[in-house]
Protein chains: 2
Amino acid sequence: MSIPSAPPRLRGVLSPVVTPFKADLSPDAERFVRHCQWLLANGCAGLAVFGTNSEANSLSVEERMVLLEQLVQAGVPAAKLVPGTGCCALTDTVRLSAHATALGCAGVLMLPPFYYKGVTDEGVYRSFAETIERVADARLAVYLYHIPPVSQVGVPFAVIERLLDRYPAAVAGIKDSSGDWSNTAALNERFGARGFDVFAGSETFLLRNMSAGGAGCITAGANVNPGPIDRLFRNWQAPDAEKQQAAIDAVRAALQKFPMIPALKATIAHYAGDPEWRTVRPPLVELTPTQESELFGALQALGFEMPRIGV
Amino acid sequence: MSIPSAPPRLRGVLSPVVTPFKADLSPDAERFVRHCQWLLANGCAGLAVFGTNSEANSLSVEERMVLLEQLVQAGVPAAKLVPGTGCCALTDTVRLSAHATALGCAGVLMLPPFYYKGVTDEGVYRSFAETIERVADARLAVYLYHIPPVSQVGVPFAVIERLLDRYPAAVAGIKDSSGDWSNTAALNERFGARGFDVFAGSETFLLRNMSAGGAGCITAGANVNPGPIDRLFRNWQAPDAEKQQAAIDAVRAALQKFPMIPALKATIAHYAGDPEWRTVRPPLVELTPTQESELFGALQALGFEMPRIGV
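This is a predicted model, so every value here is computed, not measured. (Residues numbered from 1 in each chain as written. Chains lettered and ligands numbered in written order. Predicted model: local features only at pLDDT ≥ 70, side-chain atom pairs only at ≥ 80, totals over all residues.)

I'd like a rundown of the overall build of chain A, residues and numbers included.
In terms of regular secondary structure, chain A is built from twelve helices and seven strands. Here the C-alpha radius of gyration of chain A, 18 Å, is about what a compact globule of 311 residues would show, namely 19 Å. For chain A, the C-alpha atoms occupy an extent of roughly 50 × 45 × 45 Å along the three principal directions. A burial count over chain A gives 54% of its 311 residues as buried. Within chain A, residue pairs in contact and separated by at least 24 positions form 72% of the contacts whose partners lie at least 6 positions apart. (Helix = DSSP H or I, 4+ residues; strand = E, 2+ residues; numbered from the N terminus. Rg over C-alpha atoms; globule rule 2.2 N^0.38 Å. Buried ≥ 20, exposed ≤ 12 C-beta atoms within 10 Å, placed from the backbone. Contact = placed C-beta atoms within 7 Å.)

Quick one: what's the story with the sheet that holds strand β2 (residues 46–47) of chain B, residue by residue and with numbers?
Residue and element names in this part refer to chain B. Sheet architecture is open: seven strands sit in the order β2-β1-β7-β6-β5-β4-β3, paired in parallel fashion. Unpaired on one side and paired on the other, β2 and β3 (108–110) mark the two borders of the sheet. As judged from the three bridges shared by strand β1 (residues 12–15) and strand β7 (residues 216–218), these two strands associate in the parallel manner. Across the sheet, the residue bridging to V13 is C217, located in β7. (Pairing = 2+ DSSP bridges.)

Tell me about the sheet that holds strand β6 (residues 197–200) of chain A, and please be specific about residues and values.
All names here are of chain A. Strand order in the open sheet formed by seven strands is β2-β1-β7-β6-β5-β4-β3, and the pairing between neighbours is parallel. Of all the strands in the sheet, just β2 (46–47) and β3 (108–110) have a single pairing partner and so form its edges. Here two bridges tie strand β1 (residues 12–15) to β2, and the two strands are oriented parallel to one another. Bridge assignment links S15 to a residue of β2, and that residue is L47.

Now, about the relation of the copies chain A and chain B: what can you tell me, with residues and values included?
Of the transformation placing chain A onto chain B, the axial shift is 0.0 Å and the rotation is 180 degrees, giving an RMSD of 0.0 Å. Here the copies are linked by what is in effect a two-fold axis. Looking at the rotation axis and the C-alpha trace of chain A, the residue lying nearest is Y115 of chain A, at 4.1 Å. Taken as a fraction of all interface residues of chain A, those also at the interface in chain B reach 100%, which identifies the copy contact as same-surface. (Least-squares fit on C-alpha atoms with pLDDT ≥ 70 in both.)

A description of helix α2 (residues 61–73) of chain A should follow, citing residues and the corresponding values.
All names here are of chain A. The first and last C-alpha atoms of α2 sit 18 Å apart over 13 residues, in line with the 18 Å expected at 1.5 Å per residue. Looking at α2, one finds that the buried residues are V61, R64, L67, L68 and L71. All buried residues of α2 project into a common sector of 135 degrees when viewed along the axis, lining one side. (Expected span 1.5 Å × (residues − 1). Arc of directions from axis to C-beta.)

Before we move on, could you go through unusual backbone geometry and cite the residues and values that matter?
Cis geometry is found at the peptide bond from P282 of chain A to P283 of chain A, where omega equals 15 degrees. Relative to the assigned elements, P283 of chain A resides in the loop between α11 (260–272) and α12 (289–301).

Could you give an account of the interface of chain A and chain B, with specific residues and numbers?
Every contact between the two is made by 32 residues of chain A and, on the other side, 32 residues of chain B. Of all elements in the fold, only α3 (90–102) and α4 (121–135) of chain A reach the threshold of two or more residues within the side of chain A that touches chain B. For the side of chain A that touches chain B, the element with the highest residue contribution is α4 of chain A, accounting for six residues.

Any chance you could break down the nonpolar core for me, citing the residues and the numbers?
Among the nonpolar cores identified, the biggest contains 190 residues, and L14 and V142 of chain A together with L14 and V142 of chain B are the most heavily contacted of them. Ignoring any residue separated from it by four or fewer positions in sequence, one finds L14 of chain B in contact with C44, A45, G46, L47, A48, V82, F199, G216, I218 and A222 of chain B. (Core = buried A, V, L, I, M, F, W, Y, C linked by C-beta atoms within 7 Å.)

Give a description of the confidence of the model for chain A that names residues and reports values.
Mean pLDDT over chain A: 96, with 98% of residues reaching 70 or higher. Reported confidences for the modelled complex are a pTM of 0.97 and an ipTM of 0.96. (pLDDT = per-residue confidence, 0-100.)

Outline the environment of V76 of chain B, listing residues and values.
Residue and element names in this part refer to chain B. Looking at the element boundaries, V76 is found in the loop between α2 (61–73) and α3 (90–102). What makes V76 buried here is the crowd of 20 C-beta atoms within 10 Å. A C-alpha to C-alpha distance of 7.6 Å links V76 and C36, two positions 40 residues apart in sequence. Beyond its immediate stretch of four places on either side in the chain, V76 contacts V33, C36, Q37, L71 and L81.

Before we move on, can you summarise the pairing of strand β5 (residues 171–176) of chain B with the specific residues and values?
All names here are of chain B. Counting buried positions over the six residues of β5 gives six, a clear majority of the element. Here five bridges tie strand β4 (residues 142–146) to β5, and the two strands are oriented parallel to one another. Counterpart to L144 in the pairing with β5 is I174. Of the pairings in the sheet, the one linking β5 to strand β6 (residues 197–200) comprises four bridges and is parallel in character. Within β6, the position partnered with D176 by the bridge is A200.

Before we move on, can you summarise the environment of A45 of chain B with the specific residues and values?
Residues and elements named next belong to chain B. One can find A45 in the loop between α1 (29–41) and β2. The class for A45 is buried, based on 21 C-beta atoms found within 10 Å. Along the primary structure A45 and G216 are separated by 171 residues, whereas in three dimensions their C-alpha atoms are 9.6 Å apart. With sequence-adjacent residues up to four places away left out, A45 is seen in contact with L10, R11, G12, V13, L14 and G216.

Laid out in structure tokens, this is it:
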């Protein structure tokens, strides 16, 4: 009898997949599967479903579990999936993490509990440690999710150090969405040699992150622009890498002029000719027609395209 | 056949009841029921179970529903209960609100979705409106929960105005935990005449809130000091009201020198001689023995007591 071990580590470009909703705001599994398959066919090494840009925290625990199962049943390989599982409640985080791990997912992307602010390092450490202890599965691979601009509660270096000391096999890496390159650089420098995979939280830092020894990026932009981002990942040492980075950055900048999630969904709706993709759950709000026109105009001016979308 | 209507509105002092946990961090229904009964016997007009100080967002939806049912089954009147039901996910908020309303609760205390920051008034409005529409129960009484220091996402005046215009029967009031008296005063002034009950989020504002036409307070301090706070509520026009307020404030100040939830739990543990009460769920951390000594010394110096606790 062999002891189950973690699936191989993913490297490259991962998309925090936007979650489509039907008109009644229920998750739309069919469109979700289709978009996931398109992303894997167009450059994504993996799918960080249920991230911030997936409106994951606007979904119930059950909604997430059902969608994940539907994805796997539809043939999306679990070994390509790194679902977000970090909730405010320890019991929810444990439940989602155990479920994803049992399904064979490559890892889980774990927010710290984010309701209480000003919590101590000890409290953040205990949250992750208790989760790892309770999941109690040798296949568990945790990617810490550091996104203080949204969650407000971050993952301090002292916590990472303690977790790596205590759970070296379970703690696989981090998505750094601090937006602060110096933080991503320091993560690579301090923890990279310990087999801790640092993913930049935006494609804007991809070239720098690869130069620093990072593992790739997990980025919203990959929802609509996976090909060019993946090309840079594969060719970051090429002579035109800076130029590739600039082209990717221009698309990101066009999207970022608007609230990111509605902008991504509007872009997919537009290029797929599928208006239902626009739907977001409250508290988010769709782009206005004026915003959409501005966005699509800016993307067109950049020569942006989404190949074979919806196929 | 009569159409069910909302239970009578509560006025006075409501406690956001701290949630006891067993050593394995599971909710301790027995201690919970006992503390709720003690609070109602010692001055609380109602119980805002599953508030911020209840570690509610550290509980799963199922854990909250089970605890609420256990409370009602144990004989705590549903008409005294205003459970917190606001989650990040619309579907969770709807589920908890419908459940509490069907149980006959006096109302629900509803946070706006708090994961995404910088959301628009339109998005916050849609969150509440969609919840009210989906609960679709004439008995629903929503108390909006404004606590920007923790949730970061607040409940703007423009949103309250729209909600009162559209759902005058369902929108019952607010708990204002902004910590900003001028906000509480403005809420009373602007919405008080529309049957909108303004509860201060701290006993520190109780006298001022009653003078401004408010309905009372929903306050952490009521977990340990309900009697004196209730006396001030009943006697806010008495000559010694300022003196009563000062005495209440002194107890609050002693507690507030420490993280509030562990401090409340340590105080109950101490006065009830029941050390298990200290337990908190991550990301919170218990007080250290040194912190406890300081806290208990300060409370003793104030002549603080908890009558017949645990009985």
